[in-house]
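Structural description and commentary
So you can see what is in the structure, the chains are spelled out below.
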Amino acid sequence: MSEARARLLSTASGLFYAEGLHSVGIDRIIATAGVTRATLYRHFPGKDDLVVAYLTLADEAIRARVDAARSQDALPEDVIRTVARSIADDIRGPGFRGCAFLNAAAEYPDPAHPVHRAVLGHRRWFLAAITELFTDTGKPDPEPAGRHFAMLRDGAMAAGCLTDPEPICATFLRGVEGLLEYRSGLGPDDGA
């Protein structure tokens, strides 16, 4: 990645996340990044391309964190806990404004739009990755557990920017523990 492209993407990413995708214009990005309009359009043919690149960068960062959690010599349950704690850490972080993907979906509701498709691609991957982690535990119902985790995450990300993040994170992490402890299909005589 060229230095100019990296600077543009870094600048746009910060502005998009802090202020919203539609509210940040190309002129502002160019001025803040200190590049020319020609440089911007050489790297990104249009604003939508820049927004998709921003989401791709966010997606890659989340994938890297999940991969790092997986690479630890840990039980599958502990890998899930590590992923959940990283989400909680994000929510507690300075400048937290919710989930970049949920925010983008709200601004680009058309399912055929490239930005919306980038959001859906990330969400499909995230659900598959979390479901795979629940499958690795060897317990029943990994698909519902994966969906439940994703739903807990979405709720925590939405609520975490509206109020004190500490009780939100505590509730999210408690919910993940519940998912790790609960599995349907076990009766009282089966160790449930």
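Residues numbered from 1 in each chain as written. Predicted model: local features only at pLDDT ≥ 70, side-chain atom pairs only at ≥ 80, totals over all residues. Heavy atoms only, no water.

1. Notes on the overall build of the chain
Summing up its helical and strand segments, the chain has nine helices and zero strands in all. Listing each helix as α and each strand as β along the chain from the N terminus yields α-α-α-α-α-α-α-α-α. Seen along its three principal axes, the alpha-carbon backbone of the chain occupies a region of about 70 × 35 × 30 Å. For the chain, the residues scored as buried account for 41% of the 192 residues in total. Pairs at least 24 apart in sequence give 67% of the contacts found in the chain among residues at least 6 apart. Summed over its atoms, the accessible surface of the chain is roughly 9,800 Å², and 57% of this surface lies on carbon and sulfur atoms. Within the chain, one finds 21 positive and 26 negative side-chain charges whose respective centroids are separated by 6 Å. (Helix = DSSP H or I, 4+ residues; strand = E, 2+ residues; numbered from the N terminus. Buried < 20%, exposed > 50% of the residue type's maximum accessible area, 1.4 Å probe, protein only. Contact = heavy atoms within 4.5 Å. Areas by Shrake-Rupley, 256 points an atom, 1.4 Å probe, with all protein chains shown as cover. Lys, Arg positive; Asp, Glu negative; His and termini not counted. Charge placed at Lys NZ, Arg CZ, Asp CG, Glu CD.)

2. Structural notes on the side chain of Ser13
Inspection of the secondary structure puts Ser13 in helix H1 (residues 3-19). Setting aside residues up to four positions removed in sequence, Ser13 forms contacts with Tyr54 and Leu57.

3. Points about helix H9 (residues 165-181)
Relative to the 24 Å expected for 17 residues at 1.5 Å per residue, H9 spans 24 Å between its end C-alpha atoms, a close match to the ideal helical length. Within H9, burial applies to Ile168, Cys169, Phe172, Val176, Leu179 and Leu180. The buried residues of H9 occupy an angular sector of 115° when the element is viewed end-on, so they sit on one face. Facing away from the buried side of H9, by more than 90 degrees, are the exposed residues Arg174 and Glu181. (Expected span 1.5 Å × (residues − 1). Arc of directions from axis to C-beta.)

4. So, the pattern of salt bridges
Any two side chains of opposite charge can pair if their charged atoms end up close together. The final tally for this structure, using the stated rule, is 13 salt bridges. Between Asp78 and Arg81 there is a salt bridge, with the nearest N and O atoms lying 2.8 Å from each other. Within this pair, Asp78 and its partner Arg81 are both found in helix H5 (residues 76-92), separated by three residues, close to a single helical turn. For Asp78, a relative accessible area of 31% translates into the label partly exposed. (Salt bridge = Lys/Arg side-chain N within 4 Å of Asp/Glu carboxyl O.)

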